[in-house]
Amino acid sequence: MKHIHWTAVLVLAACANLLVACAGAPDGREGGFVESWSVRNQAALVEADLVPKPADYEIRYFQWFDRDRQREVLAKLYLPPAAVRYGPLPMVAFSHGMGGSREGYSYLGANWAARGYASLHVQHAGSDSRLWSGNPLDMVSRLQSAASEAEAVNRVRDLRFALDEVLADPQLAGAIDAGRILAAGHSYGANTALLAAGAVFARPQGMQSYRDSRIVGAVIISAPPFHGEPDPESVVQPVGIPTLHITAKGDEIRIPGYRSGYEDRLRVFAATGSARKALVAFRDGSHSMFTDRLGTGGRDLNPLVKAATVDLTLAFFEEVLGGTSGVLAKRSARYDDLLVRFESEPRAAP
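Peer 1: Help me out: how do you make sense of the overall build of the protein in this one?
Peer 2: Scanning the protein for helices and strands turns up ten helices and 13 strands. Out of the 350 residues in the protein, the part that is buried amounts to 59%. Partitioning the intrachain contacts of the protein with sequence separation of at least 6 by distance along the chain shows that 75% fall at a separation of at least 24. Accessible area of the protein: about 14,400 Å², with a carbon and sulfur share of 53%.

Next comes the structure, spelled out in structure tokens:
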């Protein structure tokens, strides 16, 4: 099976980061290490006042099966409380990083829901927390499978399938506005979001696009470049919808023989072809600071960055869905002491 080099590098980097972070071997099973680790992280977020009160949002779980691909697709949907839902909701489809699950990035999902957005967190069966289960001697083969081109494509197809299922769910009839859907993702998930937003691969059989036309804007957090492609910049140039790129000066993946850092995030931003795009870069920090973990990237900085990320993504949503401009730039002024760089680039479409 063919492997995409940029994905393989990302897998190895994610493994190194997660194994160090967990200081253990997550088993990925229900009630196992990953789930208990998520529960502990979420409890810490509550204690740090980084998530709204439970009464301010609702959660629904889904366990689907895509028969066409013979593939399980799990998801967790955050919703505003039923009592305050008066019409179809805008929705964010979120893609986790390598080795993650639908339980991750809960501070984003809960806060977005409390502010009137549905947030659908999709779990990618071939590159989720179950990577850490099984015989450790088989870890390399599992990572190779997660790094395959087929799996990279499956991730973006997971997003499409999950959107199809939610929009067709009779229990959610009329709850989601199919004309106001955004994508978001962190790390490997940011690459998935870019594919859904219109990134294109050149292959011998022609240009390969996985664009979902329902997606009208995308939040790209800590996206590595598409390493191994002859022209990585050309991969993201076709992305035409508005994008918000979020990173930090310390946003670095480092393994023996490979480093992907802050400068790479800037290159992805610069190459993305969006007519409307913005860059938010926090001072210091780390690659894992944008997950549910507290303490990474600095115990004082981490919660401030999380709160700012919620606020600035909401400003971006308002701009994209409300058709306004300048909201994000104005909101960013609140965080001058946290930001090393802010750039908003409205420009004429080609």
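From this point, the narrative continues.
Peer 1: What is the right way to look at empty space enclosed by the protein in this model?
Peer 2: If a probe as big as a water molecule is rolled over the atoms, it shows which places are left empty. Applying the stated criterion across every chain, the model contains three cavities of 30 Å³ or more. Considered as a void within the structure, the second largest cavity measures approximately 50 Å³ in volume. Secondary structure elements with two or more residues in the lining of the second largest cavity: strand E9 (243-248) and helix H8 (262-271). The greatest single-element share of the lining of the second largest cavity, amounting to three residues, is contributed by E9. By residue class, the composition of the lining of the second largest cavity is four nonpolar, three polar and one charged.

Peer 1: Quick question: what am I supposed to make of the pattern of salt bridges here?
Peer 2: Counted by the stated rule, this structure contains 17 salt bridges. In this structure, Arg276 and Glu319 form a salt bridge, with 3.4 Å as the shortest nitrogen-oxygen distance. Taken together, the residues Arg276 in strand E12 (residues 276-282) and Glu319 in helix H9 (residues 301-322) connect sequence positions 43 residues apart. Ionic pairing is found between Asp311 and Arg334, a salt bridge with its closest N-O pair at 2.9 Å. Here Arg334 lies in the loop between helix H10 (327-332) and strand E13 (339-346) and Asp311 lies in helix H9, a separation of 23 residues in the sequence. Given the relative accessible area of 10%, Asp311 is considered buried. Owing to a relative accessible area of 55%, Arg334 belongs among the exposed residues under this scheme. Several salt bridges share partner residues, and in doing so they unite Asp66, Arg69, Arg71 and Asp158 into one network.

Peer 1: Where do I start with the nonpolar core in this structure?
Peer 2: One broad rule of soluble globular proteins: the nonpolar side chains tend to lie buried together. Within the largest apolar cluster, 44 residues are counted, with the highest numbers of intra-cluster contacts made by Trp64, Leu77, Met91, Leu120 and Leu194. In terms of residues, this core owes the most to one element, helix H5 (residues 149-168), which gives seven residues. In this structure Leu77 touches Glu58, Ile59, Arg60, Phe62, Met91, Ala118, Ser119, Leu120 and Leu172, once residues within four positions along its chain are discounted.

Peer 1: Please explain the packing of aromatic side chains as it appears in this structure.
Peer 2: Both the distance between ring centres and the angle between the ring planes are used here to describe each pair of aromatic rings. A complete count under the given rule lists ten aromatic pairs for this structure. Judged by centre distance (6.4 Å) and plane angle (55°), the ring pair of Phe94 and Trp112 falls under tilted. Here Phe94, found in strand E3 (residues 89-95), pairs with Trp112, found in helix H3 (residues 106-114); they are 18 residues apart in sequence, far enough to count as distant. Between Phe316 and Phe317 the ring centres are 6.4 Å apart and the planes differ by 55°, which places this aromatic pair in the tilted class. With relative accessibility at 0%, the residue Phe317 sits in the buried group. A network of ring pairs unites the aromatic residues Phe94, Tyr105, Trp112, Tyr117, Phe316 and Phe317 as a single cluster. Sitting above the plane of the Phe269 ring, Lys277 keeps its charged end 4.8 Å from the centroid. The cationic tip of Lys306 hangs over the ring face of Tyr107; the distance from NZ or CZ to the ring centre is 5.3 Å.

Peer 1: How should I be thinking about H8 in this particular structure?
Peer 2: An α-helix turns once every 3.6 residues. As a result, residues three or four positions apart point the same way. When you tally the buried positions in H8, you get seven out of ten residues, the bulk of the element. Listing the buried residues of H8 in full gives Tyr262, Asp264, Arg265, Leu266, Val268, Phe269 and Ala271.

Peer 1: When you look at the pairing of strand E6 (residues 200-203) in this model, what are you seeing that I'm missing?
Peer 2: When a strand is regular, its side chains alternate between the sheet's two faces. Inspection of the sheet shows E6 paired to strand E7 (residues 206-209) by four bridges, in the antiparallel sense. Across the sheet, residue Arg203 finds its bridge partner in E7, namely Gly206. Connecting the antiparallel pair E6 and E7 is a turn made up of two residues.

Peer 1: Just to check I follow, could you spell out H3 for this structure?
Peer 2: Most of H3 sits out of view: eight of its nine residues are buried. Taken together, the buried positions of H3 are Ser106, Tyr107, Leu108, Gly109, Ala110, Asn111, Trp112 and Ala113. Just downstream of H3, Gly116 is the residue with a positive phi angle, here 100°.

Rules used in this analysis
Residues numbered from 1 in each chain as written. Predicted model: local features only at pLDDT ≥ 70, side-chain atom pairs only at ≥ 80, totals over all residues. Heavy atoms only, no water. Helix = DSSP H or I, 4+ residues; strand = E, 2+ residues; numbered from the N terminus. Buried < 20%, exposed > 50% of the residue type's maximum accessible area, 1.4 Å probe, protein only. Contact = heavy atoms within 4.5 Å. Areas by Shrake-Rupley, 256 points an atom, 1.4 Å probe, with all protein chains shown as cover. 1 Å grid on protein atoms, 1.4 Å probe; cavity = no way out; pocket = protein on both sides within 12 Å on 5 of 7 lines; lining within 4 Å. Points joined across faces, edges and corners; volume = space filled by probe spheres on them. Nonpolar A, V, L, I, M, F, W, Y, C, P; charged D, E, K, R; others polar. Salt bridge = Lys/Arg side-chain N within 4 Å of Asp/Glu carboxyl O. Core = buried A, V, L, I, M, F, W, Y, C linked by side-chain atoms within 4.5 Å. Phe/Tyr/Trp six-rings, centres within 6.5 Å; stacked < 30°, edge-to-face > 60°. Lys NZ or Arg CZ within 6 Å of the ring centre and 35° of its normal. Pairing = 2+ DSSP bridges.

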